[in-house]
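Structural description and commentary
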Amino acid sequence: MTAPGPASATPGTTADPAPGVAPSDPWERFGWLMGAIWIVFLVFPIGAAATADTDPVWRGVGVAVVVAFGVVYLWGLARSSRADDWAEVVWVGWTHLGTMVALQLLASLVIGMDALYLLPFVISFASFTLPLRVALSLNGAGVLSAVAIPWAAGQLSEMRHFIPIVALVGISTGLIRVINQRQVEHRAVAEDLALVAERERVARDVHDVIGHSLTVVTVKAELAERLVDTDPARAKAELAEIRSLSREALAEIRATVAGLRVARLSDELASAERALSGAGIEAELPDDPAVVDPRHRIVVAWVLREAVTNVVRHSGASRCVVELGSNLLRVTDDGTGVAGRREGNGLRGARERVAAAGGTLTVGEGPEGRGTAVEVRL
């Protein structure tokens with residue numbers, strides 16, 4: 001009798017994911033069909049049971065046991081592929097595997113050594129439904145039993161054609177399981193890194209939005225405070241603009257958290273003019289933002305926002321110049337400079353944005369050794 005075996009019986013859930021994680025691919029639920037293909041090889045132990053040298057009743061029992069073994073195997077594959085989490089897969093694995101082993105032992109009472117032909121199904125099922133270490137241990141035990149049992153029974157020579165097949169099933173299913181396990185671990189790490197990157201993006205965007213908006217609001221509030229006695233009409237106008245800016249900032253924060261915030265260069269130039277004039281800083285700004293390569297405008301807009309915010313908050317400057325080019329942004333002021341000043345989160349975030357776009361951001365002294373110069377090249 002030839003000795004077939006399921007060389008790649010792969011249920012839908014083939015690795016050891018975190019509990020509560022359902023398959024990410026809906027087609028994984030049909031992966032058990034790959035294992036079901038090999039059920040045709042049960043025709044050999046069924047034939048052995050049907051032709052066994054015993055009473056017809058026992059032959060019928062033997063055939064029924066082997067058929068029941070196949071049904072339990074298929075049902076276990078289908079249930080494990082539809083499990084909602086890994087804990088359920090393991091429960092299905094243990095319960096069905098125990099039933100399969102019991103049926104195999106029962107079949108051995110009728111077909112004797114030919115019951116070992118059910119062993120590849122047991123090995124493959126255990127490989128994909130139990131925790132990795134347990135699965136590999138049972139895998140190795142199954143291969144060893146394929147050698148030890150015939151040897152103990154004095155039939156090793158008769159089963160020599162079967163042992164390599166069991167070994168092949170054990171090695172192939174073990175390797176597939178280990179590879180799938182590593183894929184799950186890699187996917188989990190990738191998801192964690194993506195989550196961290198998203199958190200950093202939101203934190204960076206919220207910092208840029210809040211930092212700039214609150215700086216402008218603070219400057220205008222200070223101006224309104226100074227004007228409230230001398231020029232009440234203008235103070236009232238400044239307060240109205242503060243209210244408008246606060247609403248804009250709130251909308252921007254909501255959009256940022258939702259991942260929808262996109263800085264526009266023309267808007268940032270207009271915002272820079274308001275912020276600088278409100279702080280009493282003379283602003284020299286370009287008239288046409290279209291000079292910047294469209295691919296770089298979003299990055300340039302974010303960096304412009306951060307650079308102008310720093311000029312207003314920290315520079316003590318009286319004049320600020322913004323220059324734009326196809327792949328260039330330069331913001332200079334005549335303030336106190338960068339000596340002794342620690343780089344803040346906003347500037348680090350801007351540097352990350354520029355680096356992600358393939359450019360460089362440098363911070364140094366302004367013209368004639370005075371003030372600060374922030375330059376971006378993309």
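Throughout what follows, the structure given in this document is the object of discussion. Model, not experiment: these values are computed from the prediction.

What follows is about the environment of Leu-156. One can find Leu-156 in the loop between α6 (132-153) and α7 (163-230). Look at Leu-156 and you get partly exposed, because its relative accessible area is 31%. Put simply, Leu-156 and Ala-146 are 10 residues apart on the chain and 9.3 Å apart in space, counted from C-alpha to C-alpha. Once residues lying within four places of it in the same chain are set aside, the contact partners of Leu-156 are Val-147, Pro-150, Trp-151 and Ile-163.

Note on placement: Ser-124 falls in helix α5 (residues 119-129). A polar contact of 3.1 Å, which involves the side chain of Ser-124, links it to the backbone oxygen of Phe-121.

A separate point is the packing of aromatic side chains. For the coordinates displayed, the defined rule picks out four aromatic pairs. Ring plane angle 70° and centroid distance 5.0 Å describe the contact between Tyr-117 and Phe-162, whose orientation is recorded as edge-to-face. Here Tyr-117, found in the loop between α4 (86-111) and α5, pairs with Phe-162, found in the loop between α6 and α7; they are 45 residues apart in sequence, far enough to count as distant. Judged by relative accessible area, which is 3%, Tyr-117 ranks as buried. We classify Phe-162 as buried; its relative accessible area is 0%.

Turning our attention to a nonpolar patch on the surface. On the surface, Val-57, Trp-58 and Val-61 cluster together into a nonpolar patch covering about 290 Å² of accessible area. Position of Val-61 relative to the elements: it lies in helix α3 (residues 56-81).

For Gly-358, the position within the fold is in the loop between α11 (345-356) and β4 (360-365). Accessibility expressed as a relative area gives 63% for Gly-358, which makes it exposed. Each C-alpha atom, one on Gly-358 and one on Arg-377, is 9.0 Å from the other, the two residues being 19 residues apart in sequence.

We now examine the pattern of salt bridges. In this structure the tally under the stated criterion is nine salt bridges. Where Arg-319 meets Glu-284, a salt bridge forms, and the shortest distance between an N and an O atom there is 2.3 Å. Here Arg-319 is found in strand β2 (residues 319-325), whereas its partner Glu-284 is found in strand β1 (residues 282-284), with 35 residues between them in sequence. The exposure class of Arg-319 is partly exposed, given its relative accessible area of 33%. Residues joined in a network through salt bridges with shared partners are Glu-323, Arg-330, Glu-375 and Arg-377.

With that settled, the discussion passes to the side chain of His-96. For His-96, the location among the structural elements is in helix α4. Under the relative-accessibility criterion, His-96 is labelled buried at 8%. Polar side-chain contacts of His-96 include one of 3.0 Å to the backbone oxygen of Val-92. Apart from the residues lying within four places of it in its own chain, the contact partners of His-96 are Val-72, Trp-75, Gly-76, Arg-79 and Phe-125.

Rules used in this analysis
- Note that residues are indexed from 1 along each chain, following the sequence as it is written.
- Residues qualify for local features only when their pLDDT is at least 70, as the model is predicted, and side-chain atom pairs are given and counted only at 80 or more; totals for whole chains, interfaces and linings, by contrast, use all residues.
- Here the side-chain values reflect all heavy atoms present in the structure, with hydrogen atoms and water set aside.
- Comment: elements are numbered from the N terminus, with helices defined as DSSP H or I runs of at least four residues and strands as E runs of at least two.
- Relative accessibility thresholds used throughout: buried, under 20% of the residue-type maximum; exposed, over 50%; partly exposed, between the two (1.4 Å probe, protein chains only).
- By definition in these notes, contact holds between two residues if any of their heavy atoms fall within 4.5 Å.
- For this analysis, a polar contact is any N or O atom pair within 3.5 Å, provided that within protein one partner can donate a hydrogen and the other can accept it, and provided that sequence-adjacent residues contribute only side-chain to side-chain pairs.
- Stacked, tilted and edge-to-face pairs are distinguished by plane angle, under 30 degrees for stacked and over 60 for edge-to-face with tilted covering the rest, among Phe, Tyr and Trp rings (Trp via its six-membered ring) whose centres lie within 6.5 Å.
- Excluding any residue in a salt bridge, patches collect residues exceeding 30% relative accessible area, merging like charges within 9 Å and nonpolar Val, Leu, Ile, Met, Phe, Trp and Tyr side chains within 5 Å.
- Only the protein chains shown count as cover for residues, and the accessible areas themselves come from Shrake-Rupley with a 1.4 Å probe.
- Any Lys or Arg side-chain nitrogen found within 4 Å of a carboxyl oxygen on Asp or Glu counts as a salt bridge.

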